[in-house]
Amino acid sequence: MKNGNAGFFDTIKICDLGVAINCNFQCKMCYFWKNRGCSDKVMSISDWKALIGQLQTLFPPDLKVIFSGFGEVLLRRGVEELLCLSASKFKVGLNSNGYLIDEPMARLIARNVESLSLSLDGVKPRTHDYIRGKSGAHAAVVEAVELLRRQSENMFIHINTVIMEYNIDEIIDLVKWVDARNINGIILQAVSMPMFTPLDRYWYKNKFSFLWPKEKNKIEELIDRLIECKQNGSKIVNSIRQLQCFKSYFFDPEKAIEALHCEVDRALKIDPEGNVRICAFSDPIGNVKTVSLPDILNSELAETEREKASHCQTPCHLLVNCFHDQEDA
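Reading the values: the criteria
Residues numbered from 1 in each chain as written. Predicted model: local features only at pLDDT ≥ 70, side-chain atom pairs only at ≥ 80, totals over all residues. Heavy atoms only, no water. Helix = DSSP H or I, 4+ residues; strand = E, 2+ residues; numbered from the N terminus. Buried < 20%, exposed > 50% of the residue type's maximum accessible area, 1.4 Å probe, protein only. Contact = heavy atoms within 4.5 Å. Areas by Shrake-Rupley, 256 points an atom, 1.4 Å probe, with all protein chains shown as cover. Pairing = 2+ DSSP bridges. Axes fitted to C-alpha atoms, helices over the stretch in contact; angles between N-to-C directions. Salt bridge = Lys/Arg side-chain N within 4 Å of Asp/Glu carboxyl O. Parallel < 35°, antiparallel > 145°, perpendicular 65-115°, else oblique. Nonpolar A, V, L, I, M, F, W, Y, C, P; charged D, E, K, R; others polar. Patch = residues over 30% accessible without salt bridge, like charges linked within 9 Å, V, L, I, M, F, W, Y side chains within 5 Å. Polar contact = N/O pair within 3.5 Å; in protein donor to acceptor, adjacent residues only side chain to side chain. Disulfide = S-S within 2.5 Å. Core = buried A, V, L, I, M, F, W, Y, C linked by side-chain atoms within 4.5 Å. Phe/Tyr/Trp six-rings, centres within 6.5 Å; stacked < 30°, edge-to-face > 60°. Lys NZ or Arg CZ within 6 Å of the ring centre and 35° of its normal. Expected span 1.5 Å × (residues − 1).

K.L.:
Break down the overall build of the protein chain for me, with residues and values.
P.N.:
Looking only at helices and strands, the protein chain has 14 helices and 9 strands in total. Looking at the 329 residues of the protein chain, the share that counts as buried comes to 51%. Look at the contacts in the protein chain between residues 6 or more apart in sequence, and 73% of them connect residues 24 or more apart. Only carbon and sulfur atoms are counted for the fraction: they give 49% of the accessible area of the protein chain, which is about 15600 Å².

Here it is, written out as structure tokens:
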């Protein structure tokens, strides 16, 4: 923090800005598309610009500002302005499904974004298109990578893949596909409770059991092969320890999750309406449209929520995918 304050500010390395408020996909593991509807409370582009100005007074230039949100970021009108503004002050990351990346957009991204995460869940077009509920989704990602690489050889591009029942037989081939291309890495995630659905501790046994890998021998073989690929120089970003955690999670999700530690102190999350949360499942600690960010983060409520999060025993299924060790065990 530039004014010299220590504490929570010093631990924040990432700021996640929930700019997206709409989506053009109908993903099997996210139901935002069923509940979407633009709230009149969402942050305007001017609001986001003002917030970026606040961030500049609070954090050093090595802060990673990631543009995400409920749906596809590039659908948001005015997001180009935010990318350009943020790039002049911080390191910028962008999460996208790739569908809207044409040549002009690729040029803009290459000039302003340091790292781009593209969702791709299968090496076969029909697999990814089915999972994401959009015809042509796979082809769009492939074309986006080609367009972006024409604009920049230095931007970090990685593929983000969710392991689930429908694509479990394609994961190794997808890793090999990434390894053979000018892509920096692949980040694997274990399927978790679908977003925008009622909280259900046993979701993987109930309505959404179709997402959950059924054969433990397949999981064991897959994880062992992924670890072998990692050890042999594959572009898998996940640590070996996290991959081992995936195996434990798919074998016994309750037990595996309870052994993990939440790292809510590393990221600052601001949702599309400007609410600041310590945890995705907790109540807001303030809203940046009405209260300054320093006052929100230095409040007694913020301290109380951070303390609650640090001792939380809830088996949150997001934990397994946020468990990113710097060193392998």
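K.L.:
Got a sec to walk through the sheet that holds strand E8 (residues 275-277)? Specific residues and values, please.
P.N.:
By definition, the strands of a sheet pair up through backbone hydrogen bonds, in either a parallel or an antiparallel sense. If you walk across this open sheet you meet the 9 strands as E6-E5-E4-E3-E2-E1-E7-E8-E9, and the pairing is mixed. The two strands at the open ends of the sheet, each matched to only one other strand, are strand E6 (185-190) and strand E9 (286-287). Here strand E3 (residues 91-96) pairs with strand E4 (residues 115-119) via 4 bridges, running parallel. The partner of Gly93 across the bridge, within E4, is Ser115. Contacts between helix H8 (residues 171-179) and the sheet are confined to strand E5 (156-163) and E6, with E6 contributing the most and set at about 155° to the helix.

K.L.:
Got a sec to walk through the pattern of salt bridges? Specific residues and values, please.
P.N.:
Evaluation of the coordinates by the stated rule reveals 8 salt bridges. With a closest N to O distance of 2.6 Å, Arg132 and Asp121 form a salt bridge. Linking Arg132 in helix H6 (residues 125-132) with Asp121 in the loop between E4 and H6, this pair joins segments that are 11 residues apart in sequence. Classification of Arg132 by relative accessible area gives buried; the value is 10%. Its relative accessible area of 0% is what places Asp121 among the buried residues. Here Arg306 and Glu303 are joined by a salt bridge, their closest N and O atoms 3.1 Å apart.

K.L.:
Account for the packing of helix H3 (residues 45-58) against helix H4 (residues 79-87), with residues named and values stated.
P.N.:
Running from N to C, H3 and H4 point in directions that differ by 10°, and their axes come no closer than 10 Å. Judged on the interaxial angle alone, H4 and H3 are roughly parallel. For the pair H3 and H4, contact is made by Ile45, Trp48, Lys49 and Ile52 and by Val79, Glu81, Leu82, Leu85 and Ser86, respectively. Across the contact of H3 with H4, the residue classes break down as 6 nonpolar, 1 polar and 2 charged.

K.L.:
Please set out a nonpolar patch on the surface residue by residue, giving values where relevant.
P.N.:
Side chains of Phe70, Met195 and Phe196 sit close together on the surface and give an oily, nonpolar patch of about 250 Å² of accessible area. For Phe70, the position within the fold is in the loop between strand E2 (64-69) and H4.

K.L.:
Please provide a residue-by-residue account of the environment of Asp47, values included.
P.N.:
Along the chain, Asp47 turns up in helix H3. We classify Asp47 as partly exposed; its relative accessible area is 27%. Separated by 242 residues in sequence, Asp47 and Lys289 have C-alpha atoms that sit 6.9 Å apart. At a separation of 3.0 Å, a polar atom in the side chain of Asp47 contacts the main-chain amide nitrogen of Ser44.

K.L.:
An account of the state of the cysteines is requested, with residue identities and associated values reported.
P.N.:
Summed over the entire model, instances satisfying the criterion amount to 0 disulfides. Looking at Cys23, it has no disulfide partner, and the nearest cysteine sulfur is the one in Cys27, 5.7 Å off.

K.L.:
Lay out the nonpolar core in plain terms, naming residues and giving numbers.
P.N.:
In this structure, Leu17, Phe67, Ile101, Leu226 and Leu268 are the most contacted members of the largest nonpolar core, which totals 97 residues. What Phe67 contacts, discounting residues up to four positions off in sequence, is Leu17, Val19, Val73, Leu82, Leu83, Ser86, Val92, Gly93, Leu94 and Asn95.

K.L.:
How would you explain the packing of aromatic side chains if you had to name every residue and give the values?
P.N.:
By the definition in use, this model includes 13 aromatic pairs. Pairing Phe32 with Phe70 gives two aromatic rings, centres 5.9 Å apart and planes at 50°, and the pair type is tilted. With Phe32 in helix H2 (residues 32-35) and Phe70 in the loop between E2 and H4, this pair connects stretches of sequence that are 38 residues apart. Given a relative accessible area of 31%, Phe70 falls into the partly exposed group. Aromatic rings pair up to connect Trp203, Tyr204, Trp212, Tyr249 and Phe250 into one cluster. Lys28 extends its terminal NZ or CZ atom over the ring of Tyr130, reaching a point 4.2 Å from the ring centre. Directly above the ring of Phe251 sits Lys216, whose terminal nitrogen or CZ lies 5.5 Å from the centroid.

K.L.:
Can you lay out helix H10 (residues 240-251) for me, pointing to particular residues and giving the numbers?
P.N.:
The first and last C-alpha atoms of H10 sit 17 Å apart over 12 residues, in line with the 16 Å expected at 1.5 Å per residue. For H10, every residue scored as buried is listed here: Ile240, Gln242, Leu243, Cys245, Phe246, Lys247, Tyr249 and Phe250.

K.L.:
Help me get a handle on the packing of helix H9 (residues 216-231) against H10, residues and values and all.
P.N.:
Close contact between H9 and H10 brings their axes to 10 Å; oriented N to C, the two are set at 180°. Classified by the angle between their axes, H9 and H10 sit roughly antiparallel to one another. For the pair formed by H9 and H10, the contact residues are Lys216, Ile219, Glu220, Ile223, Asp224, Leu226, Ile227, Lys230 and Gln231 on the first element and Ile240, Leu243, Gln244, Phe246, Lys247, Phe250 and Phe251 on the second. Of the residues assigned to the contact of H9 with H10, the class counts are 9 nonpolar, 2 polar and 5 charged.

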